[in-house]
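Examining the three-dimensional arrangement
So you can see what is in the structure, the chains are spelled out below.
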Amino acid sequence: MQRKLPHWNASPNAMRQLSLGLLVALLCLQLACTGNDLDDGSYPRKPIKVIVPFDAGGGSDTFTRIIQEEVGKQHLLTQPMVVVNVPGAGGSIGSRRVKNARPDGYTILQLHEGLLTSKYSGNTNYGPEAFAPIAATGSMPHIIAVLQESEHHNLNDLLETASRSPDSLVFAVGLGAPSHFAALMLQEARPGAVFRYSQSGGGAKRFASLLGGHTDVTTFSIAEYVEFKSGGIRALAILTPERHLDAPEIPTAIEQGIDVVSTNMHFWWAPKGTDPAKITVLANSLKSALDTDAVRAKLKQSLTDPIFLIGDELQRELSVRERRIASVSGTAPRVLPNLHYYSLVGSLLLGILVCVFDRRRRGNTKDAVGIKVENKSNRQKQIDLSVFAALVCLYALTLQFRWCGFLLATFGFIAVTGGLLSVRGGKSVLPAVATALLLSLVLHVVFTQVLVVDFPS
Amino acid sequence: MSEWLTSIQIVAAPASLSMMMLGTALGIIVGAIPGLSGAMLIALSLPLTFAMQPVHALILLVSMYVGSVSGGLVSATLLRIPGTPAAMMTTYDGYPMAQAGHAHRALGLGAFASLVGGIIGWIFLVLLAQPLAWLSLKFGPFEFLALILLAMVLIAIASGNSLSKGFLAGSLGILAAMPGTDATGQLRWTFGVNELDDGFKLLPVLIGLFAINQIMSQILTDSAKPAAIKVEGGLLLKGSHYVRQGVNLVRSSLIGVFVGILPGVGANIGSVVAYTAAKSLSQTPQRFGQGCDDGIVASEAANNATVGGALIPLVSMGIPGSVIDAILLGALTIHGLQPGPMLMEQNPEVVHVIMATLLLSNVFMFAFMLATSRLLSRLGNLSLSLLAPVVVSLCFVGTYALANRMFDVWVMLAFGLLGFAMDRWRLPLAPFVIGFVLAPLAEEHLTEGLMQSGGSWWPIVLRPLSATFLVLAVVLLAWTVNRHRSTVIEAG
């Protein structure tokens, strides 16, 4: 082992590899620096990130990708749009990110009416006023549906039961989401009517709970309704001003004498303070995308009406919606016991119990619990571990605060950590440097070029 | 009949078959890499499939699904890091077996069990999709709640030697699941940190607990010369070895299928329940965790069987049974197919393609494992100086890609430290994970149930199914506590 130690300047081949590594590292630095170049007025100069605050494959994601694909294909913007999924907490993780993003026009949000409803259900402390709206594209009407065998044949039947015996009909909704507010508006339209709300996430789940007989009535988007129609459900009403072309047999609520309109809409938002000229550029490209045959055909398939609103029209639509939503109270009923406190108390009690048991057992058997490492090398290894932990933290901090790009940070981390550990073990550092070079490049290419991940650059 | 013929023609086309091989291989590789998960691969590949024909897209995604569930076996066995959450239980017996010089045997057993589990899951998907999906609809929130409680009891029993430590670990897992958004959408314990609004996600927690923790422990214990894993014997065992596992294989697969059908529960829980069952019913439970065949077989058969199980509600009702199934559902919609109860009638070829892919990619998976096992086994001999930084940076990428944010990476590092501390205190990790996974599910169903019943708790004991599960849970708990007490007294 010992005689192999001075290894790194031994072979010319190794030197060549090392210098290559340095070269690439320098290139990366270069790349990292070119990220924030001067703004000479033209826009966009780099890809525009569209934050979709839901998982890949969901309705919002699919819709955004249909538009994004067409924007790219038809070169509607001089730079591509990139879809970045930031799921979590009903969309608020993603919307908050855009709210706090730099208003430079390179980070925008695609979020439906959930942005409005989550404000009025108390899930977020901001609403549309915290953003600069770009456009509304596509509207999806809500449909009220029951089981095929249900005794309710129209909306009046349903509301009659709800007011005759309040709090008996179970209404499956996503608490705080547009589906919940549609139900609340319905309830508001008939004095005395009270539904019992039950939390059920997506359309598929609401369908399942309806079929299983666990809930009595629910809200679907028209696309969900058409999807599940043949599974044994029946529509009572569509919440649009007029009957829908794709489902002309469903009467509107207004026809039935109940003045409720509720449709979900896809909105595009920019951070507040974004240059209006940039917003116009974005809105125009969305409009052109929406007008292509390809997008029209795809939207028709998913039963989304290709409406398009900008400027004053959009502001008006937003304030009408906000007024409608604000008129009902959508705070969730408190049914749950304080499970988090119980779990805390439970853990503490169990912790004490285990401590007591352990002490008693250790008293009985003189079993030395702990890692068996020879004392001499023990210290050295603890130092190794501390250094390793410090390097990992440095790597994370670098990426967190974007001190340099992902490529360089990863290369540096693997090379330095691997190198140090190799030297400790009396081995050559070359494999570590080579691995660092290879892996950081491969990861960077795979995750940013093939797959779309928004690494710090 | 003619529609079957068209379906066979679609699947047997060279393009489809190569797509299947590609998907399976990619799935296995990503599954085997600690930090990268199958769900991530499939979510990130989804946009790539837009340009493909719908059937090809589905073939690719389903085979990735199968591959990724199976691939976790490799790193679980060789590195004691489950490549995917589903392979968590495989580490318990796979790693000791590999350390004892039988890496090949462990891989071979795991791959074979995966194959059998996959096939049994497939049989259920093909023959019983409709009735099983209807049965699962009858499960209301209270039935789910009782079932989850039963699972929690089962699992606390399973792990480790100390019952109280198992419970403590489980309870800590529940505690870790509490911050974030509760089942009614209200924030809880986020301490004003907005990034915490969604709580801790499963993947960063798991990767931290297993991968980061394992790397730290290895740095601390790594001897100057790593104990090279010797590769002895062939990958395929004698027939009698497989026959001896027959009952275990079938039982674990059935458990996997059933757990898979239940929405949101997934492959990780399937393998834990199967492992627990195998251990509880074994004549020699003390051999579990020391590198015995039964443990590997139970875990791997079950996790592959959940794939078929989870596809049942997807194919027959349009209801996703797991995260990956939800992405598959999205893929169907993107390609203009209408998921839902009518999928079978309107697009039978799509359903047949999904079924055929499930079967064939399991076969490809087995072939791939056989072909590459010698190469893979070398992974265990990789020197720590390379392994440590590489695994850490892969874990960074995997957790970052979840929601494109660094917060999840910090969560992973924090749980790495926690896992490290838990190992020092001899607290088992599996119950922690189970508590962490099941608590939010239990809470969700409890909320739903209480909202439907108007706040009444009675249905949980009045509804026959939930009452049965609950009684079972109590009996099991009492029996275990009693058994443990008597052994402690004997020992004392």
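Because the structure is predicted, anything quoted here is derived from the model rather than measured. (Residues numbered from 1 in each chain as written. Chains lettered and ligands numbered in written order. Predicted model: local features only at pLDDT ≥ 70, side-chain atom pairs only at ≥ 80, totals over all residues. Heavy atoms only, no water.)

Observations regarding the overall build of chain A
Put simply, the rule reads: Comment: elements are numbered from the N terminus, with helices defined as DSSP H or I runs of at least four residues and strands as E runs of at least two. Relative accessibility thresholds used throughout: buried, under 20% of the residue-type maximum; exposed, over 50%; partly exposed, between the two (1.4 Å probe, protein chains only). Pairs of residues are marked as contacts when any of their non-hydrogen atoms sit within 4.5 Å. Using a 1.4 Å probe, accessible areas were evaluated by the Shrake-Rupley method; residue-level cover was limited to the displayed protein chains.
In terms of helices and strands, chain A carries 15 helices and ten strands. Taking all 457 residues of chain A together, the buried fraction comes to 52%. Taking the intrachain contacts of chain A between residues at least 6 apart in sequence as the baseline, contacts between residues at least 24 apart amount to 74%. About 21400 Å² of surface is accessible on chain A, with carbon and sulfur atoms providing 58% of the total.

Quick notes on the environment of Leu387 of chain B
All names here are of chain B. Counting through the fold element by element, Leu387 comes out in helix α17 (residues 384–403). Put simply, Leu387 and Ser7 are 380 residues apart on the chain and 44 Å apart in space, counted from C-alpha to C-alpha. The contact partners of Leu387, leaving out residues within four places of it in the chain, are Leu79, Ile215, Gln218 and Leu382.

Section: the packing of helix α12 (residues 266–281) of chain B against helix α13 (residues 293–317) of chain B
Pairs of packed helices are described in terms of their axes, by the angle between the two and the distance that separates them. Residue and element names in this part refer to chain B. Stated precisely, the cut-off is as follows: Working convention: axes come from line fits to C-alpha atoms, limited for helices to the stretch in contact. Angles between N-to-C directions cover 0 to 180 degrees. Handedness of a helix crossing follows the sense of rotation of the near helix relative to the far helix, less than a right angle counterclockwise being left-handed and clockwise being right-handed.
Contact geometry for α12 and α13: axes closest at 8 Å, N-to-C directions at 145°. By crossing handedness, the relation of α12 to α13 is classed as right-handed. Contact residues: α12 offers Gly266, Ala267, Gly270, Ser271, Ala274, Tyr275 and Ala278, while α13 offers Gly295, Ala298, Ser299, Ala302, Asn303 and Thr306.

Some words on the pattern of salt bridges
All names here are of chain A. We count it as follows: A carboxyl oxygen of Asp or Glu within 4 Å of a side-chain nitrogen of Lys or Arg is what we treat as a salt bridge.
Overall, the coordinates contain 25 salt bridges over all chains when judged by the stated rule. For the salt bridge of Glu129 with Lys119, the shortest nitrogen-to-oxygen distance reads 3.2 Å. Taken together, the positions of Glu129 in the loop between α4 (114–120) and β4 (131–147) and Lys119 in helix α4 put the pair ten residues apart, joining distant regions of the chain. For Glu129, a relative accessible area of 39% translates into the label partly exposed.

A few points about the nonpolar core
Going by this rule: We define the nonpolar core as a collection of buried residues of types Ala, Val, Leu, Ile, Met, Phe, Trp, Tyr and Cys that are connected through side-chain atoms lying within 4.5 Å of one another.
Ranked by internal contacts, the top residues of the largest apolar core, which has 150 residues, are Phe447 of chain A together with Phe396 of chain B. Considering every element that reaches this core, the biggest residue donor is helix α6 (residues 103–137) of chain B, with 15 residues. Excluding residues that lie within four positions of it along the chain, Phe447 of chain A makes contacts with Val452, Val453 and Phe455 of chain A together with Leu36, Met40, Leu44 and Val397 of chain B. Listed in part, the 61 residues of the second largest apolar core include Met88, Phe144, Ile269 and Leu470 of chain B.

Things to note about a nonpolar patch on the surface
Residues and elements named next belong to chain A. We apply this condition: Residues qualify for a patch when their relative accessible area is over 30% and they have no salt bridge, like charges being joined within 9 Å and the nonpolar side chains of Val, Leu, Ile, Met, Phe, Trp and Tyr within 5 Å.
On the surface, a nonpolar cluster with roughly 530 Å² of combined accessible area is contributed by Val345, Leu349, Ile352, Leu353, Val356 and Phe357. Along the polypeptide, Val356 turns up in helix α12 (residues 339–364). Among the residues examined, Val356 registers a relative accessible area of 45% and is labelled partly exposed.

So, the confidence of the model for chain A
Put simply, the test is: Per-residue confidence from the predictor is reported as pLDDT, which spans 0 to 100.
Across chain A, pLDDT averages 85, with 87% of residues at or above 70. pLDDT under 50 marks residues 366–373 of chain A. Its contacts with residues more than four places away, or in other chains, come to nine contacts.

Here we look at the packing of aromatic side chains
Inclusion rule: Working definition: a ring pair exists when centres of Phe, Tyr or Trp rings (six-membered ring for Trp) sit within 6.5 Å. Plane angles under 30 degrees give stacked, over 60 give edge-to-face, the rest tilted.
What the rule picks out here adds up to 23 aromatic pairs over all chains. Between the aromatic rings of Phe131 of chain A and Trp269 of chain A, the centroid separation amounts to 5.9 Å while the plane-to-plane angle is 55°, which identifies the pairing as tilted. Here Phe131 of chain A, found in strand β4, pairs with Trp269 of chain A, found in strand β9 (residues 263–271); they are 138 residues apart in sequence, far enough to count as distant. For Phe131 of chain A, a relative accessible area of 2% puts it in the buried group. Owing to a relative accessible area of 0%, Trp269 of chain A belongs among the buried residues under this scheme. Their ring planes at 50° and their centres at 6.1 Å tell us that Tyr92 of chain B and Tyr275 of chain B sit as a pair that is tilted. Of the two residues, Tyr92 of chain B sits in helix α5 (residues 90–99) while Tyr275 of chain B sits in helix α12, which places them 183 residues apart along the sequence. Tyr92 of chain B gets classed as partly exposed once you look at its relative accessible area, which sits at 25%.

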